[in-house]
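A closer look at the structure
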Amino acid sequence: MNAPTAASAFVPENVPEPRFEDLAHLPGMAPARIKMLRTIDFLKDPLGKSMALVAQYGRVFRRQDFGGWGVSLIGPEANELVLFNKDKIFSSSLGWNPILERLFPRGLMLMDFEEHRVHRKTLSVAFKTEPMQHYLGELLKGIEKGTADWGARGTFQFYPAIKALTLDLAAASFLGVPWGKDADKINKAFMDMVLASVAVIRKPLPFTQMKRGVEGRAFMSAFFAAEIPKRRGAKSDDIFTHICNARDENDQLLGDQDIIDHMNFLMMAAHDTITSSMTSMVHFLARHPEWQEAMRDEVMAVKARHGGLPYAALAEMEVTERVFKESLRLIPPVPSMPRRAIKDFVFMNHHIPAGSHIGINPMVTHRLPDVWPEPETFDPDRFTPENSKGRHKYAWVPFGGGAHMCLGLHFAYMQVKSFFFTTLPGHRIELGEGASGEFQMFPIPRPKDGLPVRFVTR
């Protein structure tokens, strides 16, 4: 496999592709005769396989998948080294490009260093306090309308229901208008793009998932391209219009293709990762009704104080935030994060050469027993201020960290709190018959059975 061309002028173009011989001094896998079969086997149980690799080889090990040879770095110290990236050793664009370059090219996560800083600063105008206050109002209205019949549904699959709802909510917050007749096509386009990101066949050949993903990107790109001229110079509180009129440090507007690339990526992040996160949270709440009650008490207290959920009161939903954090500890929406080393470096006395594909793994780090006592136990009180003292800053990284910390982090918290603020006072969440509790962890976690639940009217 040839090294991908750098998508940015801020990273080298000719980074060497590591061979087995370059990494043979590290503990880890022996070469597989058919690396694609190894990848398929791994994807059947990524958590179990990953934990077994750490148990066998330690927290730095050589691995092989369909992309070739790479190095996994496990633990909070590894997360800090890679995500904080103090010495600019690691390229995010070269890490993600082999996975996403056909589907989400030039998204913010696929940029590095100065280019990333400039684009992130430009996009951040859409996530400042004033527009966020507007998004909150839209979220509350949309959730109330979208969940109005959930109590009467009986048992239903939560995952597709919340996926449809978050898509509608994204239309209001991101576009300011409903999706209209294209809603189902848009949902399918994003699903096809996300599934294509880990498709074993990496070329868009006929009848492949990658082909469907590339077609999904083309559909969404055309959708956004047709909308951009309507937004230039317009006044509106939605994210798309803010981005269409955002200016960089040189007072220049973003180009049309930059806007298309950023919107495709932001929509994917807002739609699929929040769908996964809220599904994980409902999964745990249905199994731990005592935490439902604690959250409901908190919501009712906020209602009593404010009559609703004003933006300033989001910080008062501390129990909800702890439950959210613990849910994402156990089922992080991005289970692993790739990078590419553009310089030689040393970690835990292991020399790792430039060009190495580097992977950090929140899914595993979040379960290390020396960091998280009784790691399989669901315990949101891990995140009280008292219990968080002394914990490594990079022990919990579902939203990444450093310069590439998720730009929509506060939007995600706000959407989750809005959802439970609206639904918990009138409903008790129960598991439906036959709920397995099993999740498919890659590319973005989702329940294998759709998570059957009942929202029982109280």
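The notes below deal with the structure included here. From a predicted model like this one, the values you see are computed outputs, not experimental measurements.

1. Section: the overall build of the protein
A tally of helices and strands in the protein yields 17 helices and twelve strands. Rg of the C-alpha trace for the protein: 22 Å, near the compact-globule value of 23 Å for 458 residues, within the 12% margin. Along the first, second and third principal axes, the C-alpha set of the protein runs to 65 × 55 × 45 Å. For the protein, the proportion of its 458 residues judged to be buried stands at 55%. Contacts in the protein between residues at least 24 apart in sequence constitute 73% of all its contacts with a sequence separation of at least 6. For the protein, the accessible surface area stands at approximately 19,400 Å², while carbon and sulfur atoms represent 55% of it. The positive charge centre, built from 55 side chains, and the negative charge centre, built from 52, are 3 Å apart in the protein.

2. Some words on the sheet that holds strand β12 (residues 452-457)
The antiparallel open sheet is built from three strands, whose spatial order is β4-β12-β9. Single-partner strands in this sheet number two, and they are β4 (155-157) and β9 (427-431). Sheet twist, expressed as the average angle between the axes of neighbouring strands with direction ignored, equals 35 degrees. Looking at chain direction, β4 and β12 are connected through three bridges and run antiparallel. Its bridge partner lying in β12, Phe 156 is registered against Val 453. The sheet contacts of helix α12 (residues 256-287) involve β9 and β12, and relative to β9 the element is tilted by about 90 degrees.

3. A short note on the packing of α12 against helix α13 (residues 289-306)
Helix packing geometry: the angle between the two helix axes and the distance between the axes. Two elements in contact, α12 and α13, have axes separated by 5 Å at closest approach and are oriented at 110 degrees. Classified by the angle their axes make, α12 and α13 are roughly perpendicular. Side by side, α12 and α13 meet where Met 281, Leu 285, Ala 286 and Arg 287 of the first sit next to Pro 289, Trp 291, Gln 292 and Met 295 of the second. Each residue belonging to the contact of α12 with α13 can be placed in one class, and the counts come to six nonpolar, one polar and one charged.

4. Concerning a nonpolar patch on the surface
A cluster of nonpolar side chains, Ile 34, Met 36, Leu 37 and Ile 40, forms an exposed patch at the surface whose accessible area comes to about 360 Å². Summarising the element assignment, Met 36 is placed in helix α2 (residues 35-44).

5. Here we look at helix α5 (residues 92-100)
Most of α5 is tucked away: seven of the nine residues are buried. Among the residues making up α5, those that are buried are Ser 92, Ser 93, Leu 94, Gly 95, Trp 96, Asn 97 and Leu 100. Its buried side turned inward, α5 meets β3 (90-91) and β5 (337-341).

6. Details of the packing of aromatic side chains
The tally for this structure, following the rule as stated, stands at 23 aromatic pairs. For the ring pair Phe 158 and Phe 419, a centre distance of 6.2 Å and an interplane angle of 70 degrees mean the geometry is edge-to-face. Within this pair, whereas Phe 158 is found in helix α8 (residues 158-175), its partner Phe 419 is found in helix α17 (residues 409-423), the two being separated by 261 residues in sequence. In this structure, Phe 158 and Phe 419 share a single accessibility class: buried. With a centroid separation of 6.4 Å and an interplanar angle of 50 degrees, the aromatic rings of Phe 324 and Phe 399 are classed as tilted. On the criterion of sequence distance, the pair formed by Phe 324 in helix α14 (residues 318-330) and Phe 399 in the loop between α16 (385-388) and α17 is long-range, its members being 75 residues apart. Residues Phe 324 and Phe 399 agree in their burial class; the two are buried.

7. A word on the nonpolar core
Across soluble globular proteins, nonpolar side chains have a tendency to be buried as a group. Ranked by size, the top nonpolar core spans 129 residues in total, and within it Leu 73, Phe 158, Phe 419 and Phe 420 carry the most contacts. Counting residues per element, this core draws most heavily on α12, which supplies 15 residues. Residue contacts for Phe 419: discarding those within four places in its chain leaves Ile 143, Thr 147, Trp 150, Phe 158, Ile 162, Leu 165, Met 278 and Phe 455. Counting residues in hydrophobic clusters, the runner-up holds five residues, among them Val 11, Val 15, Phe 113 and Ile 342.

8. Some words on unusual backbone geometry
Within the chain, Arg 106 stands out as a residue other than glycine whose phi angle is a positive 65 degrees. Within the fold, Arg 106 resides in the loop between α5 and α6 (113-123). Here Arg 106 falls in the partly exposed class, since its relative accessible area comes to 24%. Located in the positive-phi region is Asp 251, a residue other than glycine, with phi close to 65 degrees. For Asp 251, the location among the structural elements is in the loop between α11 (239-244) and α12.

9. Some remarks on the packing of α13 against α14
One way to put it is that α13 packs onto α14 with a least axis distance of 8 Å and a crossing angle of 145 degrees. Seen from α13, the contacting residues are Trp 291, Ala 294, Met 295 and Glu 298; seen from α14, they are Glu 318, Val 319, Thr 320, Arg 322 and Val 323. Tallied by class, residues from the contact of α13 with α14 come to five nonpolar, one polar and three charged.

10. Digging into α6
Quick reminder: α-helices carry 3.6 residues per turn. Residues three or four places apart thus point the same way. Taken as a whole, α6 has its buried residues at Phe 113, Glu 115, His 116, His 119, Thr 122 and Leu 123. In the core, the buried residues of α6 are packed alongside β3, α11 and α12.

11. What to know about empty space enclosed by the protein
Following the criterion strictly, the structure yields two cavities of 30 Å³ or more and no others. When its volume is computed, the largest cavity comes out at roughly 50 Å³. What lines the largest cavity is Tyr 159, Met 191, Val 194, Leu 195, Asp 272, Pro 443, Ile 444 and Arg 446. The element best represented in the lining of the largest cavity is helix α9 (residues 183-196), accounting for three residues. Here the residues of the lining of the largest cavity are counted per class, giving six nonpolar, no polar and two charged.

Basis of the calculations
Along each chain, numbering runs from 1 in the same order as the chain's sequence is written. Restriction of local features to residues with pLDDT of at least 70 applies here, the model being predicted, together with a cutoff of 80 or more for giving and counting side-chain atom pairs; totals for whole chains, interfaces and linings are based on all residues. Derived side-chain values reflect all non-hydrogen atoms in the structure, with water molecules and hydrogen atoms excluded from consideration. Helix and strand assignments come from DSSP, with helices taken as H or I runs of at least 4 residues and strands as E runs of at least 2, each series counted from the N terminus. Throughout, the radius of gyration refers to the C-alpha atoms, and the reference size of a globule is 2.2 Å times the residue count to the power 0.38. Each residue is assigned to one of three classes by its accessible area relative to the maximum for its type, calculated with a 1.4 Å probe on protein chains only: buried under 20%, partly exposed between the two thresholds, exposed over 50%. Pairs of residues are marked as contacts when any of their non-hydrogen atoms sit within 4.5 Å. Each accessible area is a Shrake-Rupley result for a 1.4 Å probe, and residues are judged covered by the shown protein chains and nothing else. For the purpose of counting charges, residues Lys and Arg are taken to be positive, whereas Asp and Glu are taken to be negative. His and the chain ends are not included. We put the charge of a Lys on NZ, of an Arg on CZ, of an Asp on CG and of a Glu on CD. By the convention used here, strands pair only if DSSP detects at least 2 bridges between them. Axis angles are defined between N-to-C directions and span 0 to 180 degrees, where every axis is a line fitted to C-alpha atoms and, for a helix, only to the segment in contact. Convention used here: angles under 35 degrees read as roughly parallel, angles over 145 as roughly antiparallel, angles from 65 to 115 as roughly perpendicular, and any remaining angle as oblique. Polarity classes work like this: nonpolar for Ala, Val, Leu, Ile, Met, Phe, Trp, Tyr, Cys and Pro, charged for Asp, Glu, Lys and Arg, and polar for all others, with Gly in that last group. Grouping into patches uses exposed residues only, defined as over 30% relative accessible area, and leaves out salt-bridged ones; the cut-off is 9 Å for like charges and 5 Å for nonpolar side chains (Val, Leu, Ile, Met, Phe, Trp, Tyr). A pairing counts as a salt bridge when a side-chain nitrogen of Lys or Arg comes within 4 Å of a carboxyl oxygen of Asp or Glu. Geometry of aromatic contacts follows a simple scheme: Phe, Tyr and Trp rings, the Trp one being its six-membered ring, pair when their centres are within 6.5 Å, and the pair is stacked under 30 degrees between planes, edge-to-face over 60, tilted otherwise. Definition of nonpolar core: a set of buried residues of the types Ala, Val, Leu, Ile, Met, Phe, Trp, Tyr and Cys, connected through side-chain atoms within 4.5 Å. Cavities and pockets are defined on a 1 Å grid built over the protein atoms alone: a cavity is a set of grid points where a 1.4 Å probe fits but cannot escape, while a pocket is an open set with protein on both sides within 12 Å along at least five of seven lines, and lining residues are those with an atom within 4 Å of any such point. Grid points are joined across faces, edges and corners, and a volume is the space filled by probe spheres set on the points.

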